[in-house]
Amino acid sequence: MGALEVENLKKTYISKGKKVEAVKGISFEVNEGEIFAILGPNGAGKTTTIKSILRLVIPDEGKIYVKGFDISTHKAKALENLSAVLEGNRNIHWKLTVYENLRYFGYIRGFSDKFLKDKIPEILEFIELKDKKNELAGKLSRGMQQKLAIGIALLPETPIILLDEPTLGLDVESSLKIREMLFELKNKGKTILLSTHDMNLVEKVADRVLIINKGKIIVCDRKENLLNAFRKKAYKIVFEGENGKIDLRKYGKFYEEYGEKILEIQLDDISQLYEIMEIFKKEHIEIRHLENVMVNFEEVFVNIVRGDEN
Amino acid sequence: MKYLNTFKGTFLRVFAEIKRYYLNTLSSFTIMTIIFYFIVMGINKFGNPATLGDSIQGLAVGYIVWMALVGTMTDLSWTIINDMSIGLIEQSFISPIGPTLIYLFYQFSNFVFVIPLEFLIMIIVFKIAGLSIIVPPIFLISLLLLMIQGYGIGLILAGITLRFKRTQSILSLIQFAIVGVLMGNFDGIWKFLVPANGFIDILGKIINGIGTSVYDWFYMLTSAAIYMIVGVIVFDYFANVVRKRGEIAQY
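What you see is a predicted model; the values in this text were computed from it and never measured.

Some remarks on the overall build of chain B
Consideration 1: Looking only at helices and strands, chain B features 10 helices and 0 strands.
Consideration 2: A compact globule built from 251 residues would reach a C-alpha radius of gyration of about 18 Å, and chain B, at 19 Å, matches this within 12%.
Consideration 3: Referenced to the eigenvectors of the C-alpha coordinate spread, the extents of chain B come out at roughly 55 × 40 × 35 Å.
Consideration 4: The buried share of chain B, reckoned over its 251 residues, is 51%.
Consideration 5: Contacts spanning at least 24 positions in sequence make up 81% of the contacts within chain B whose residues lie at least 6 apart.
Consideration 6: Roughly 11,300 Å² of accessible area belongs to chain B as shown, and the carbon and sulfur atoms make up 71% of that amount.
Consideration 7: In chain B, 15 side chains carry a positive charge and 11 a negative one; their mean positions are 7 Å apart.

Right, dumping it as structure tokens:
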């Protein structure tokens, strides 16, 4: 049994008199202790999926089990195992201080004075806002507000944490800090469900990735498998001298950079690489460097989504 | 125990908000008092108290009832509007305690802070009206029941706000609509259904030293309880409607 199970989730909204199918029968499972990323272009159905898991949206069909509890019939039990940082600034009370925020959100989940007294200093330490505990949340920087939102989500010590766009609008340093926090949480055994557009974050932290488009699953696999699927077919050839009569553009992306000529190729089959090598040999083109291009996750994502669109 | 903790959370939130924005609280208090002072001055100068009540005494009681209702009926809706716009509302929905209980506790927390202020304004209003500021305890109990009724209506309005979002105009209109309701005199089932209708009569009787009957208490208790129960049901209903429509966060 996974920490989180989503079965045949369907949701249709009525917008301006028209039916909009946001999610069309999505099923997936998130394992204990993993970082699971949901990716997709805008309007793919990511937020509806996350909100359905949190029961902020009631789906038309499908089942969601949180630690075995069906959220439609055992909502309170399921929610006791979940906490979330929602997109943007939708997680903190701007008119309360950092400390008051943690206390308020702890209390409204029913936690006792004793629990909060012990837990809040620990959270403040973890989110590095100990010195800011008496400052109004509204006066903190965007990065600090996001740390506070994460702190609020950590307070109830739930085994599963949902993060919707945790690095959106953050500077590089704050994004790195959030990334570090995610690793620490994973090491503590937390299960994290992440929805993001930040491919760098996915590449660095995710164990498995679910890509959805137009409300349907395109792929759900381990991150490494997705990267490998694209990595082995991309090459970069750096060479010198004239390329003669051959029009290299028909083989891939050809450009010049710092006096070097570069050809980037995407292959369906490795034998195509040998064919190009033969042409280079025939034309006496001196290859200086050949490398297997390390595709980044952004390229993987774009390729998968484009493939689905086509 | 967890419900007590939730109440503590909402209580501390209300306290922090009032403390931080004390000037706003203080100015509301001053405006409420000054308005009544000018009404009494106007009546004394131009004489015709019949337009707003039988006497200054009736006016003072009516004013206290109006003030108690305006605050209790609309306050939660303003909080919901605020929570929707700054994004706090989803966290209440994610809590295992649930939004209905959290906002009900928020109402009660507000109640605790509003009561002393309400009584203080009442003393000043009675002083201006030339009434005795020593009121019988049953007057205060009746006023409390009226406020509970107001909070029940407040939950209904908050549910409507949750569903239809921009209800500011309705909330502003309500404070004038209440004046109309208070000036009417309904009987039979309408006495129970029209908010505050029977309360004015009973509070007037208490001030005049007539006292209350068993029927008066039955009216006040059932009317307050009915509105509170209906308020909880309606709020819960709209909380589910917005979940189904996926519109909790939209504002």
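Looking at the sheet that holds strand β6 (residues 82-85) of chain A
All names here are of chain A.
Consideration 1: Read across the sheet, 6 strands follow the order β6-β7-β8-β3-β9-β10 without closing on themselves; strand pairing throughout is mixed. The strands lining the two open edges of the sheet, one partner per strand, are β6 and β10 (216-222). Going from strand to strand, the sheet's axes swing by 15° on average, the running direction of each strand aside.
Consideration 2: Sheet topology places β6 next to strand β7 (residues 160-164); 4 bridges connect them, and they run parallel. Each residue of the ladder has a partner; that of Ala84, found in β7, is Leu162.

Thoughts on the packing of aromatic side chains
Consideration 1: Inspection of the entire model under this criterion finds 16 aromatic pairs over all chains.
Consideration 2: Ring plane angle 70° and centroid distance 5.1 Å describe the contact between Tyr104 of chain A and Phe105 of chain A, whose orientation is recorded as edge-to-face.
Consideration 3: A relative accessible area of 3% means that Tyr104 of chain A is categorised as buried.
Consideration 4: Residue classification places Phe105 of chain A among the buried positions, given a relative accessible area of 5%.
Consideration 5: Arranged with centres 5.8 Å apart and planes meeting at 20°, the rings of Phe15 of chain B and Phe113 of chain B form a pair that is stacked. Of the two residues, Phe15 of chain B is situated in helix α1 (residues 2-20) and Phe113 of chain B in helix α5 (residues 99-128); the sequence distance between them amounts to 98 residues.
Consideration 6: Three or more aromatic residues joined by ring pairs form one cluster here, namely Phe7, Phe11, Phe15, Phe105 and Phe113 of chain B.
Consideration 7: Taking the ring centre of Phe126 of chain A as reference, the NZ or CZ of Lys188 of chain A above it sits at 4.4 Å.
Consideration 8: Looking at Arg163 of chain B, its charged tip hangs above the ring of Phe164 of chain B, at a distance of 4.5 Å from the centre.

What about the interface of chain B and chain A?
Consideration 1: Between chain B and chain A, the residue contacts involve 34 residues of the former and 34 residues of the latter.
Consideration 2: Together, the buried faces of chain B and chain A total about 3,100 Å²; carbon and sulfur atoms form 57% of this surface.
Consideration 3: Where chain B touches chain A, the interface holds 2 salt bridges.
Consideration 4: The partner of Arg20 of chain B in a salt bridge is Glu100 of chain A, and the shortest N-O contact between them spans 2.9 Å.

What to know about the pattern of salt bridges
All names here are of chain A.
Consideration 1: Within this structure, the stated rule accounts for 25 salt bridges over all chains.
Consideration 2: Here Glu125 and Lys130 are joined by a salt bridge, their closest N and O atoms 3.3 Å apart.
Consideration 3: The salt bridge partner of Lys186 is Asp207, with a shortest N-O separation of 2.8 Å. Placement of the pair is Lys186 in helix α6 (residues 172-187) and Asp207 in the loop between α7 (199-205) and β9 (208-213), with a sequence separation of 21 residues.
Consideration 4: Lys186 sits in the partly exposed class, given a relative accessible area of 25%.
Consideration 5: You can call Asp207 buried: its relative accessible area is 13%.
Consideration 6: Through salt bridges that share partners, Glu128, Lys147, Lys177 and Glu180 make up one connected network.

A word on the sheet that holds strand β13 (residues 260-266) of chain A
Residues and elements named next belong to chain A.
Consideration 1: Across the sheet, 4 strands lie side by side as β12-β13-β11-β14; this open sheet has antiparallel pairing. A strand with exactly one partner marks an edge of an open sheet, and here the two such strands are β12 (253-257) and β14 (286-292). With direction set aside, neighbouring strand axes in the sheet form an average angle of 20°.
Consideration 2: Inspection of the sheet shows strand β11 (residues 234-240) paired to β14 by 6 bridges, in the antiparallel sense. Across the sheet, residue Glu240 finds its bridge partner in β14, namely Glu286.
Consideration 3: Each of β11, β13 and β14 is contacted by helix α9 (residues 271-282), which is oriented at about 10° to β11, the strand it contacts most.

Rules and cut-offs
Residues numbered from 1 in each chain as written. Chains lettered and ligands numbered in written order. Predicted model: local features only at pLDDT ≥ 70, side-chain atom pairs only at ≥ 80, totals over all residues. Heavy atoms only, no water. Helix = DSSP H or I, 4+ residues; strand = E, 2+ residues; numbered from the N terminus. Rg over C-alpha atoms; globule rule 2.2 N^0.38 Å. Buried < 20%, exposed > 50% of the residue type's maximum accessible area, 1.4 Å probe, protein only. Contact = heavy atoms within 4.5 Å. Areas by Shrake-Rupley, 256 points an atom, 1.4 Å probe, with all protein chains shown as cover. Lys, Arg positive; Asp, Glu negative; His and termini not counted. Charge placed at Lys NZ, Arg CZ, Asp CG, Glu CD. Pairing = 2+ DSSP bridges. Axes fitted to C-alpha atoms, helices over the stretch in contact; angles between N-to-C directions. Phe/Tyr/Trp six-rings, centres within 6.5 Å; stacked < 30°, edge-to-face > 60°. Lys NZ or Arg CZ within 6 Å of the ring centre and 35° of its normal. Buried area = accessible area lost by both parts, 1.4 Å probe. Salt bridge = Lys/Arg side-chain N within 4 Å of Asp/Glu carboxyl O.

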